[in-house]
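Residue-level structural notes
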Amino acid sequence: MEHSTSAVNWQPRNIPKAPGEMLRNSLGHVARGADGVLFFQWRQSRAGAETYHSGMVPHAGRDSALFRDVVRLGDVLGRLGELRGSVVPRSRIAILWDQEAGWGTALPAQPTSLTYLDQARRLHAALVDAGVPVDVVPATDDLDGYDVVLVPTLYLAPEGTADRLAGVVARGGQVVVTYFSGIVDAANRVLLGGYPGEFRELLGVRGEEFAPLPEGGTVTLSDGSVGEVWTERFTAVDADVVSRFTSGPSEGGPAVTRRRSGGGSAWYVSTRLDAGSTAAFVATLLDEAGIEPVAAPAPGVELVRRVDGERSWVFAINHTDEDHTLAVAGHDLVADARHESGAVVPARGVVVVRED
Amino acid sequence: MEHSTSAVNWQPRNIPKAPGEMLRNSLGHVARGADGVLFFQWRQSRAGAETYHSGMVPHAGRDSALFRDVVRLGDVLGRLGELRGSVVPRSRIAILWDQEAGWGTALPAQPTSLTYLDQARRLHAALVDAGVPVDVVPATDDLDGYDVVLVPTLYLAPEGTADRLAGVVARGGQVVVTYFSGIVDAANRVLLGGYPGEFRELLGVRGEEFAPLPEGGTVTLSDGSVGEVWTERFTAVDADVVSRFTSGPSEGGPAVTRRRSGGGSAWYVSTRLDAGSTAAFVATLLDEAGIEPVAAPAPGVELVRRVDGERSWVFAINHTDEDHTLAVAGHDLVADARHESGAVVPARGVVVVRED
Amino acid sequence: MEHSTSAVNWQPRNIPKAPGEMLRNSLGHVARGADGVLFFQWRQSRAGAETYHSGMVPHAGRDSALFRDVVRLGDVLGRLGELRGSVVPRSRIAILWDQEAGWGTALPAQPTSLTYLDQARRLHAALVDAGVPVDVVPATDDLDGYDVVLVPTLYLAPEGTADRLAGVVARGGQVVVTYFSGIVDAANRVLLGGYPGEFRELLGVRGEEFAPLPEGGTVTLSDGSVGEVWTERFTAVDADVVSRFTSGPSEGGPAVTRRRSGGGSAWYVSTRLDAGSTAAFVATLLDEAGIEPVAAPAPGVELVRRVDGERSWVFAINHTDEDHTLAVAGHDLVADARHESGAVVPARGVVVVRED
């Protein structure tokens, strides 16, 4: 997929990339399996709608910091040539994605104004910060091999989703379903008898009424978590109550529940946990499933491994203003330098270490 | 008129009713003369535009808190059957209402962006808080029998309004006209010679220039009141100055005036008093007119009486988080319990006492 | 050009003029050469789209403060009759104006949302506060006779502009070009090789990338100035660096530069200096060019002189809440009073002194 060397041209205010940001973005793609880096556009247009969209050769020409950064990226990619054909191993954790569910949540006259992407992104960001790569998979996929499956706001669940998720639980896995999931059938008719119709049995809950929050509103949970956007009035029919709402329109009722079954668990999260609460929740899940990070993690540092059967490479992409130490011995292909005990990933920098 | 058991579906964020809110809303209607309670919709739609509008039987079915609340409402209404045919006695105080005036204030290129309803609602809310039921009457009505008549922002006054209001004053009543009233004739032509053309003689004032406030701006008055939205540069030609503007674009000029005549008074309020200042102003009016509340009032507690010639019932609807004591002896039809000296109206609760 | 005696009718909230404001506005026009004062409308419309636009005779009629102010203006204008035919001397300082450049900055998909007028107005306001009248001239004009030429955001420079500006510098003048100027040719094609293509040689700078700021963002400069809206990543190829960005997306790079040549200077200002920083910058320019104010200046007091070859008149228009002393001896035509040593210009007032 194309990206940009610096500013785009379609925002009200198009802010250019900071030094090093283009390299980090590019290697973020390579880390996840790309064997090339594609930009729109080669030469920045002299005229037309995309005149002020950045390119590899800017209006100023080749004598420019931006073009020198592009050349430097070429150098780095040259040294990364040995990764060609290597892959990111399949993760043990998946996030389900379904564009039809996204369209469904955006229909008129829904209970509240939701953005489908928000909850998926928040879960994804928490996993990135935890140093754990995650597979984003179509909701229709076979889920064999996944030990943790996250189901953000799947308003319309494709046929058989509940069965596939039940299979994960039966194998001892962790399944997490968040609010406003499994509400309707393929004709957008509500599944009656209590929300979420498609997942009521899987989760052991029965919802009676949606209780969205006012613009900017938050609620507190009994475990100290904070919820946003949405709450729900529901009962834990056949599930443990992990936390309750301690404020807001569903105060006193369950907020997060867990139904244990066959060694696994099906969790229901009936509110949008804020970033910190999501991080804590994700840490619990990873602990339950025994999933380890690529290396010791730090918020804002992406950690990904590529392998080819014989060798392996660890990408550490540091989006923070602090240096980060990656406790991996090997050869850093970005700086073309060897690290015996651990590589320092400079603030806003990247290392790609071929592991010994 | 239909209302809803809980959430509607046409707001950006549709927040459900809190426990007890549906009963309070329903009995608010009954208190004012309704002999029934009507909801849209019986069964919550399974599909269509109103899928997420609440109903009497929610998607979850009859085993739900909401349906149990509806059944409880039915029980209460059963006990209220004895009120059938009783009425709310005509009030001694009226608010004039005219939809054409509302449309007129919303025309393009008016002096400022006004919402016709705001001023009427603020006056009404102050009377509710004062425990005094008020009649909302068409501006074309005969005003016989009213001792206080409130005229919020009647941009276009129906023919004869000034004469009808003068009749109230002549009988010793209190008339209150607020800003931007009586400005135009039925063809939307300004009545020349000084604002408000239709009411200049009645009020004894002569306005020269409108001076609306910037978005969110306020002004202070010499009696400590606070004005919003609007001020006016006018002179008290034949009226007492009750308070003056002490800040803002009309600083130094009159703000509230009173023309005494024939034992009555015609007041002009040239700004939108804030809620606290409106409460104080309304208290003065009630005192002048000798109008007593239904019972000892409290802000947030609606008090209304229905009568049938032989019996009377007092509704006390508590929208606050504090218990309220209603000093009325009789039988409470909601709790089906007798109160010898006074009924406690629980926080967020309702009592309907058949008076001894 | 017509103006208004008080409120207009086309804003969401149309606030009337404060006492004295109409006289100040009117004499502001006369000060700059008007030989008359024109209002829309004579009688305030009784009906139609401009009903609530002010006029000379308001709805209230001639018995009104507003009409008395109009009559007073007539008295003052009568005494100013002797100015007829006098002129404002050509200034030594000019601001270039070009409507096509304004349209160009408003095209879709530009680097950021700019308002062409803002930068021109800020420079103009700084000169008014400095007591220095400025000519606003078409960008296509001959610039002979100007010792300081300000070029705010001239996105598309008319043919020959750079040469005309270079001529000013060659004569020992000061030229100031601000950000996003000289970017494209008449077909809206970017001038390649570094920004600003049209002015690169004149200014001795070479821009590589635009770096606009987020909504409401500011940056600091090494001389304590504050920049808004825009920054730029550029190098001073043949110019002195006057100040550098000390924060923001262009941190470390030059912010304001100066290329000295032939006794004159060409300045480049690559950000929108805030009001205080613009005042300081303008003070430096005036000092370099040896331009003196009409009289001792004060922020918020307009000072302009008209002359007819024999006589001269100084206008001092005080928009502040403090009295101002104008150190000019002569006869004040507004108050019809003689000032031997200096005239007090009352807060919110005006004097027009025929100089001895």
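Everything that follows concerns the structure shown earlier in this document.
Everything numeric in this text was worked out from a predicted model, so none of it was measured.

Some remarks on unusual backbone geometry
Omega for the peptide link from F40(A) to Q41(A) comes to 15 degrees, which places this bond in the cis form. Topologically, Q41(A) is positioned in the loop between α1 (21-31) and α2 (65-79). A positive phi angle is found at A109(B), which is not glycine, with a value near 60 degrees. Within the secondary structure layout, A109(B) lies in the loop between α3 (99-105) and α4 (116-129). For A109(B), a relative accessible area of 27% gives the class partly exposed. Phi at F180(C) is positive, roughly 60 degrees, even though this residue is not glycine. Its location among the elements puts F180(C) in the loop between β4 (174-178) and α6 (200-203). Taking the relative accessible area as the measure of exposure, F180(C) reaches 2% and is therefore buried.

Brief notes about the relation of the copies chain B and chain A
Under the fitted operation, chain B is carried onto chain A by 0.1 Å of movement along the axis and a turn of 120 degrees, and the coordinates agree to an RMSD of 0.1 Å. On the angle and the small slide along the axis, the relation comes out as a three-fold axis.

Section: the pairing of strand β16 (residues 312-318) of chain B
All names here are of chain B. Within β16, seven of the seven residues are buried, which leaves it mostly tucked inside the rest of the structure. Alternating positions in β16 separate into two faces, S312, V314, A316 and N318 on one and W313, F315 and I317 on the other, with burial throughout. As defined by bridge partners, strand β15 (residues 301-307) adjoins β16 across seven bridges and the pair is classed as antiparallel. The partner of V304 across the bridge, within β16, is F315. Between β15 and β16, which pair antiparallel and follow one another directly, the connecting turn spans four residues, one of which, G309, has a positive phi of 100 degrees.

Looking at the sheet that holds strand β9 (residues 240-244) of chain A
Residues and elements named next belong to chain A. Read from one edge to the other, the open sheet built from seven strands follows the order β2-β1-β3-β4-β11-β10-β9, with strand pairing classed as mixed. Each of the sheet's edge strands pairs with one partner strand only, and the pair in question is β2 (135-138) and β9. Neighbour to neighbour, the strand axes of the sheet diverge by 20 degrees on average, direction disregarded. Bridge count between strand β4 (residues 174-178) and strand β11 (residues 264-269): five bridges; the pairing is parallel.

Quick notes on the pattern of salt bridges
A side chain with one charge can pair with a side chain of the opposite charge if their charged atoms come near. All told, the structure shown has 61 salt bridges over all chains when counted by the stated rule. With a shortest N-O distance of 3.2 Å, D118(A) and R272(A) are connected by a salt bridge. On the criterion of sequence distance, the pair formed by D118(A) in helix α4 (residues 116-129) and R272(A) in strand β12 (residues 272-273) is long-range, its members being 154 residues apart. We classify D118(A) as partly exposed; its relative accessible area is 30%. The partner of R206(B) in a salt bridge is D63(C), with the nearest N and O atoms 3.9 Å apart. Taken as a pair, R206(B) in strand β7 (residues 205-210) and D63(C) in the loop between α1 (21-31) and α2 (65-79) lie in two separate chains rather than in one. Among the ionic contacts, a cluster of salt bridges with common partners joins D63(A), R68(A), R206(C) and E208(C).

Conventions used here
Residues numbered from 1 in each chain as written. Chains lettered and ligands numbered in written order. Predicted model: local features only at pLDDT ≥ 70, side-chain atom pairs only at ≥ 80, totals over all residues. Heavy atoms only, no water. Helix = DSSP H or I, 4+ residues; strand = E, 2+ residues; numbered from the N terminus. Buried < 20%, exposed > 50% of the residue type's maximum accessible area, 1.4 Å probe, protein only. Least-squares fit on C-alpha atoms with pLDDT ≥ 70 in both. Pairing = 2+ DSSP bridges. Axes fitted to C-alpha atoms, helices over the stretch in contact; angles between N-to-C directions. Salt bridge = Lys/Arg side-chain N within 4 Å of Asp/Glu carboxyl O.

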